[in-house]
Structures are given as structure tokens and as C-alpha cells.
Amino acid sequence: MLTKTEAVVLHSFKYGEARLIVEMFTRQEGRLSFIVQLPKTPRSKLKKQFFQPLTLLEVVADLRPNAQLQKLKDARLLAPFTSLPFEPVKLSISLFLAEFLYHATKGEQQNAPLFDYIVSSLQWLDNCQQSTANFHLVFLMRLNRFLGFYPNLEDYRPGSFFDLRTSGFCGSAPMHHDFLAPAEAEKLQLMMRMDYATMHLFALSRHDRQRLLDVALTYYRLHLPVFPELRSLPVLQELYD
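What this report covers is the structure whose coordinates are included nearby. (Residues numbered from 1 in each chain as written. Predicted model: local features only at pLDDT ≥ 70, side-chain atom pairs only at ≥ 80, totals over all residues. Heavy atoms only, no water.)

## Some details on the pairing of strand β1 (residues 2-15)
Part 1 of the reasoning: As paired strands, β1 and strand β4 (residues 56-62) are joined by 7 bridges and run antiparallel to one another. In the strand pairing of β4, Ala7 is matched with Leu57.
Part 2 of the reasoning: Across 8 bridges, β1 lies against strand β2 (residues 19-26) in antiparallel orientation. Note on β2: the bridge partner recorded for Val8 is Phe25.
Part 3 of the reasoning: Taking the residues that link successive antiparallel strands as the turn, the β1-β2 hairpin has 3 residues, and the phi of Gly16 there is positive, at about 75 degrees. (Pairing = 2+ DSSP bridges. Helix = DSSP H or I, 4+ residues; strand = E, 2+ residues; numbered from the N terminus.)

Pasting the structure below:
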């Protein structure tokens, strides 16, 4: 069935001499894998540069329920970026986010609020003229709201521990190692208040920023079936002093 939907490219790789396998998260159908015939002429509607990580597209595809690879019929840029692919810092952030989303959205069905959050976040980053040092932290900490395991912040009390497995605060240390002690639990509930508009007001040291990122990734590994070490992480960690 021919279907038109908005999509964000997560990953692509060459398949043979003239085709690509492209992973996308779509607004209408969720996560899909596509087979794409590479253009033979410059005038082709399907351009190779459309399938770079985090490109926003509007696609037309022939979707078959039992097909592992869907056939892409047409694609056009939905909202071209003006700075994201060209500024080294923003590009490094985007490559990290693309790898992260490639793993975090595996098996994800239709989830329009999640798609809209991803798109609006990328557009905000593309237009951002201030510090982006905390952008990836805000993105990760707020994304889990759309995946169904947003932390319960209502039960925080001074001196609480945070149980990474149950996503909640507790009065004593759990009987496992996946928790934050009170000092870090207090920082977590403060950091969860950050959003894109206010993130530049939170002055974090390099150590604090890396620790928060480690905690966020550990949290995702505990709540997603398969979540490996990210190859783009070392590059991201070197961005900010």
C-alpha cells in the first residue's frame, strides 16, 4: 500500500553497488527499514545525500506488512537544516543522537508524540545561537517520557536515593547496585528541570556533565532490551571543557 509519511533518517549503509539500506523513524508507521535504489542520474528524485543521519524527509513508500525491507518510492526534504550538518560541534551532537536513536527506537511502533519531539528538538538545535553544552542531556532526559519510563520525581525528599531500575526515589539504598546515592539523586531531580530554553543557565563542570550522561545511558540500558556501548560517545565527551 502506498503511504506518505514524515520520517527522520537514523542510519544507512551501502547494499551492493547501487542500493542502500536505510533505517528511519516515521511519524505514521514508527520504525521502518527501507531498500533504496541509488540514483543513476543527477536528476533522480532520490538523492544519496537525503539519507544522511537525522535528515528530515517526507517519503512515499510501498508498505507491505510482512516485508523486512520496505520499498521507497519517493523522498523530499521536509525541513532542510541550516547549521546542523555544517558546524562541527552540532554535527558531533547530531551523530551521537542518530546512533542513540537508532538503538533506542528499535521495534518502536507508531508514536507521533515521540516523532514530533525528535523533530522539534533537532530544529531547535539547528536554530540555536547559544551554548549547546547541555543539549544532549536535556534530549536524553526528556525522551524517556515518550518511551514509557520517565522517572517519578514526585516522591523526592532530601536524603532520598534514586533507584534506576524502578525509576523512583526511595528512603534507603536498594538491594542492588543500580541506584544513585542522595547527593547524586538530588542533582538528578534538579537536572530534570532543565529544558532547551533554560539549559544555558545550568553551569556544569566537565565531570558533572559526563557523569550525568553516564547515568542517563545506564538508565536506558536498564529499560531497553538491547542497548550497546555507543561508538560516538568518546567524540561527544571531548566537545566541552
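## Structural notes on the sheet that holds strand β5 (residues 70-77)
Part 1 of the reasoning: The strand order around the closed barrel formed by 5 strands is β1-β2-β3-β5-β4, and the pairing between neighbours is mixed. Within the sheet, the average angular offset between the axes of one strand and its neighbour, ignoring direction, is 55 degrees.
Part 2 of the reasoning: Sheet strands touched by helix α1 (residues 88-104): β1, β2 and β3 (30-37). Its angle to β1, the strand with the most contacts, is close to 110 degrees.
Part 3 of the reasoning: Against the sheet, helix α2 (residues 112-127) contacts β1, β2 and β4, and its axis sits at roughly 65 degrees relative to β1. (Axes fitted to C-alpha atoms, helices over the stretch in contact; angles between N-to-C directions. Contact = heavy atoms within 4.5 Å.)

## As for the packing of aromatic side chains
Aromatic rings considered in pairs are described by the distance between their centres and by the relative angle of their planes.
Part 1 of the reasoning: Under the counting rule described, the total for this entry stands at 18 aromatic pairs.
Part 2 of the reasoning: An angle of 65 degrees between the planes, with centres 6.5 Å apart, marks the rings of Phe50 and Phe51 as edge-to-face. Here Phe50 matches Phe51 in class, with each residue buried.
Part 3 of the reasoning: Plain terms: the ring middles of Tyr156 and Phe169 are 5.1 Å apart, the flat faces sit at 70 degrees to each other, and that makes the pair edge-to-face. With Tyr156 in the loop between α3 (135-147) and β6 (161-163) and Phe169 in strand β7 (residues 168-170), the pair connects residues that are 13 residues apart, well separated along the chain. Judged on exposure class, the residue Tyr156 and its partner Phe169 are both buried.
Part 4 of the reasoning: Through a chain of ring-to-ring contacts, three or more aromatic side chains come together here, namely Phe96, Phe100, Phe149, Tyr156, Phe162, Phe169, Tyr219, Tyr220 and Phe227.
Part 5 of the reasoning: Directly above the aromatic system of Tyr150 lies the positively charged group of Arg145, at a separation of 3.9 Å from the ring centroid. (Phe/Tyr/Trp six-rings, centres within 6.5 Å; stacked < 30°, edge-to-face > 60°. Buried < 20%, exposed > 50% of the residue type's maximum accessible area, 1.4 Å probe, protein only. Lys NZ or Arg CZ within 6 Å of the ring centre and 35° of its normal.)

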